[in-house]
Amino acid sequence: MRPILMKGHERPLTFLKYNREGDLLFSCAKDHTPTVWFADNGERLGTYRGHNGAVWTCDVSRDSKRLITGSADQTVKLWNVRTGTELYTFNFDSPARSVEFSVGDKLVVITSDPFMQVTSAIHVKRIAKDPSEQVGESALVIKGPQGRITRAVWGPLNRTIISVGEDATVRSWDSETGKLLKESDKETGHKKTITSLCKSADGSHFLTGSLDKTAKLWDIRTLTLIKTYATERPVNAVTMSPILDHVVLGGGQDASAVTTTDHRAGKFEAKFYDKILLEEIGGVKGHFGPINALAFNPDGRSFSSGGEDGYVRLHHFDQDYFHMKA
């Protein structure tokens, strides 16, 4: 399995997202410029210019026509995927940390960071079919969680919103009323900041990664803890295979601690675990710094990782991966 090295960002990667067909890969980084690549050969297609802060997150609509990005410049922008044209800008009073289109692409959930006197919040916006009719008002704003909300995603049928963040708690909210429905159990839940969240292909369960050196698998409706994967490093990124029972965790240590550890070339690896049996089944080394982003291609035949080193590494699996006996 030879990785394709994709160099287009000058700063650390923050987020990776495939479109539904799996032919395009979108990458976000701290260098202000989200980028789109061909997912099969890693060729750079283009960039989306307009942000002037680190871009933390992105999502792409089901038809691959619209891209949405959230940035530290306190804006969320809608783009035309094909032309790179900026269609609309949502303004906030603090950095935007997470974005996700709803099923049907009519709504988007956005999280904004705490900043000065502003508390963190979850915002739901309506997305107009015609960009010229787009308005900035929120359909719903949810406040409550302490500290940064690192990720918020839609639950089944857009009825709920699942949020995670610095307070180490997973929460489920009613997406109509904003009412808190459930919280993860303090005993079995994470002990430190939850950095990342990835839903399963069928949307029935989701995986969270945390600085407490674990990843946990949850039922999306009940927030029941299903599995816990223990590692020896803080987890910055998580993803799951859509076709096999494999969980991939990426991490390293905090960027500020990198110089204090021995970093033999490409020591930072994406680790594969058996989803059911919890045991480590392999690792893919290569990054020269912590892995900040992971994404599986929807066809399950390749995955990509984004690192503190500014590279995106695209890995197409060899045939024997699919016949691997755990």
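Computed from a predicted model, the values in this text were never measured in an experiment.

A word on a nonpolar patch on the surface. Together, Phe 115, Met 116 and Val 118 make up an exposed nonpolar region whose accessible area comes to about 300 Å². When you line up the elements, Phe 115 lands in the loop between strand E11 (107–112) and strand E12 (121–126). Given the relative accessible area of 35%, Phe 115 is considered partly exposed.

What follows deals with the sheet that holds strand E23 (residues 246–251). Ordered in space as E22-E23-E24-E25, the four strands form an open sheet in which the pairing is antiparallel. Whereas interior strands pair on both sides, the edge strands pair on one side only; in this sheet they are strand E22 (235–240) and strand E25 (280–287). Geometrically, the sheet is characterised by an average inter-axis angle of 20 degrees between neighbouring strands, direction not taken into account.

With respect to the helices, strands and loops of the structure, Asp 31 is situated in the loop between strand E3 (24–29) and strand E4 (35–38). Within the buried set, Asp 31 has no salt-bridge partner at all; the shortest N-O distance to an opposite charge, 7.2 Å, is to Arg 44. Dropping the residues within four chain positions of it, Asp 31 is found in contact with Gly 8, His 9, Glu 10 and Arg 11.

Moving on to empty space enclosed by the protein. Applying the stated criterion across every chain, the model contains three cavities of 30 Å³ or more. Quantified by volume, the largest cavity comes out at close to 90 Å³. As for the largest cavity, its lining consists of Thr 231, Glu 232, Arg 233, Pro 234, Val 235, Leu 249, Gly 250, Gly 251, Gly 252, Glu 269 and Lys 271. If you list the elements that add at least two residues to the lining of the largest cavity, you get E23 and strand E24 (268–274). The greatest single-element share of the lining of the largest cavity, amounting to three residues, is contributed by E23. Taken together, the residues that form the lining of the largest cavity break down as three nonpolar, four polar and four charged. Approximately 40 Å³ is the volume attributed to the second largest cavity. Along its surface, the second largest cavity is lined by Pro 145, Gln 146, Gly 147, Arg 148, Ile 149, Ser 163, Val 164, Gly 165, Glu 166, Asp 167, Thr 169 and Arg 171. Examining the composition of the lining of the second largest cavity, we find that three residues originate from one element, strand E15 (residues 160–165), more than from any other. Split by residue class, the lining of the second largest cavity holds three nonpolar, five polar and four charged.

Calculation notes
Residues numbered from 1 in each chain as written. Predicted model: local features only at pLDDT ≥ 70, side-chain atom pairs only at ≥ 80, totals over all residues. Heavy atoms only, no water. Patch = residues over 30% accessible without salt bridge, like charges linked within 9 Å, V, L, I, M, F, W, Y side chains within 5 Å. Areas by Shrake-Rupley, 256 points an atom, 1.4 Å probe, with all protein chains shown as cover. Salt bridge = Lys/Arg side-chain N within 4 Å of Asp/Glu carboxyl O. Helix = DSSP H or I, 4+ residues; strand = E, 2+ residues; numbered from the N terminus. Buried < 20%, exposed > 50% of the residue type's maximum accessible area, 1.4 Å probe, protein only. Pairing = 2+ DSSP bridges. Axes fitted to C-alpha atoms, helices over the stretch in contact; angles between N-to-C directions. Lys, Arg positive; Asp, Glu negative; His and termini not counted. Contact = heavy atoms within 4.5 Å. 1 Å grid on protein atoms, 1.4 Å probe; cavity = no way out; pocket = protein on both sides within 12 Å on 5 of 7 lines; lining within 4 Å. Points joined across faces, edges and corners; volume = space filled by probe spheres on them. Nonpolar A, V, L, I, M, F, W, Y, C, P; charged D, E, K, R; others polar.

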